[in-house]
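Commentary on secondary and tertiary structure
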Amino acid sequence: MMRRMRNIVILTGAGISAESGLKTFRDNDGLWEQHAIEDVATPQAFARDPALVYRFYNARRAQLQQQAVKPNLAHHAVARLQKEWRQGTVTLVTQNVDDLHERAGCSNVLHMHGELLSQRCCRSNQAVYCKEPFDATSRCQCCDPPSPVRPDIVWFGEMPMHMDRIEKALYNADVFVAIGTSGQVYPAAGFVAMASQCGAHAVELNLKASDTNTLFDEHDYGPATVVVPRFVERMLKEN
């Protein structure tokens, strides 16, 4: 498939979780669960109507913990590649805020857009695990006196997390794989160009062609539960 296969960087988006019974945040009409992005996913929205923002993410957190929401074959395939790849490293970067990769057994997941099962101190920015609802009356345990907490989510207009680690991984990647991404949201949409410029072989695994599909060296289109296990099997044969 390529001249060398050592370090792999995998980027996942909403498409990998779509078959797990988890609704994607943004629908085709641009609304997030019937809310405009400007109402629930910006710092300005949080300042204007914090109660709405807390309710929105509390509902998403509850949805994530429903019994029917489980990792699917694509999540498990990525975890298998991480565990069995011996030639180098497998860095997993996700735009998703769910914990399905971790539940499938993935390790060192870089959540560039934050995590639903976490709350962040508004003062120190320290994040802690939280699966329960919280609101404007909730306080952190890291400050004295305790400070308010917010959803540990990267909103529009904020800097994504782990960018230094992500850029270093892209620079050293021999293979870049994008799974279930639309190619519309930056900076993630620019990762394929960054990796390709550094010599990586770029693979798109998606339900349909993304907005950046022409930048990939190869494509496999179909449900994530089909195309991701197929790709992993092929890679491990070369391991």
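Use the structure listed above.
What counts, and where the lines are drawn
Residues numbered from 1 in each chain as written. Predicted model: local features only at pLDDT ≥ 70, side-chain atom pairs only at ≥ 80, totals over all residues. Heavy atoms only, no water. Helix = DSSP H or I, 4+ residues; strand = E, 2+ residues; numbered from the N terminus. Pairing = 2+ DSSP bridges. Axes fitted to C-alpha atoms, helices over the stretch in contact; angles between N-to-C directions. Phe/Tyr/Trp six-rings, centres within 6.5 Å; stacked < 30°, edge-to-face > 60°. Buried < 20%, exposed > 50% of the residue type's maximum accessible area, 1.4 Å probe, protein only. Contact = heavy atoms within 4.5 Å.

1. With respect to unusual backbone geometry
Following Asp144, the chain continues to Pro145 via a peptide bond in cis, the omega torsion being 5°. With respect to the secondary-structure elements, Pro145 resides in the loop between β5 (127–129) and β6 (149–153). At the junction of Tyr186 and Pro187, the peptide bond is cis and its omega measures out at 10° in the coordinates. For Asn108, which is not a glycine, the phi torsion comes out positive at approximately 50°. Secondary-structure assignment places Asn108 in the loop between α5 (100–104) and β3 (109–111). Backbone geometry at His162 places phi at a positive 65°, although glycine is not the residue there. Tracing the sequence through the fold places His162 in the loop between β6 and α6 (163–171).

2. Looking at the sheet that holds strand β4 (residues 114–121)
The strand order across the open sheet formed by three strands is β5-β4-β6, and the pairing between neighbours is antiparallel. The sheet is open, and its two borders are formed by β5 and β6, each paired with just one other strand. Taking each pair of neighbouring strands and ignoring which way they run, the sheet shows an average axis angle of 45°. By the bridge criterion, four bridges tie β4 to β6 in an arrangement that is antiparallel. The partner of Gln119 across the bridge, within β6, is Pro151.

3. So, the packing of aromatic side chains
Under the criterion given, the structure shown has six aromatic pairs. A centroid spacing of 5.4 Å and a plane angle of 75° characterise the contact between Phe46 and Tyr54, whose relative ring orientation is edge-to-face. The exposure class assigned to Tyr54 is buried, which follows from its relative accessible area of 5%. An aromatic cluster is defined as three or more aromatic residues linked by ring pairs; in this entry it consists of Phe46, Tyr54, Phe56, Tyr57, Phe134 and Trp155.

4. Re the environment of Met194
Relative to the helices and strands, Met194 resides in helix α7 (residues 191–197). Sequence separation between Met194 and Glu167 is 27 residues, and the spatial gap between their C-alpha atoms is 8.2 Å. When near neighbours in sequence (up to four residues on either side) are disregarded, Met194 contacts Glu167 and Leu170.

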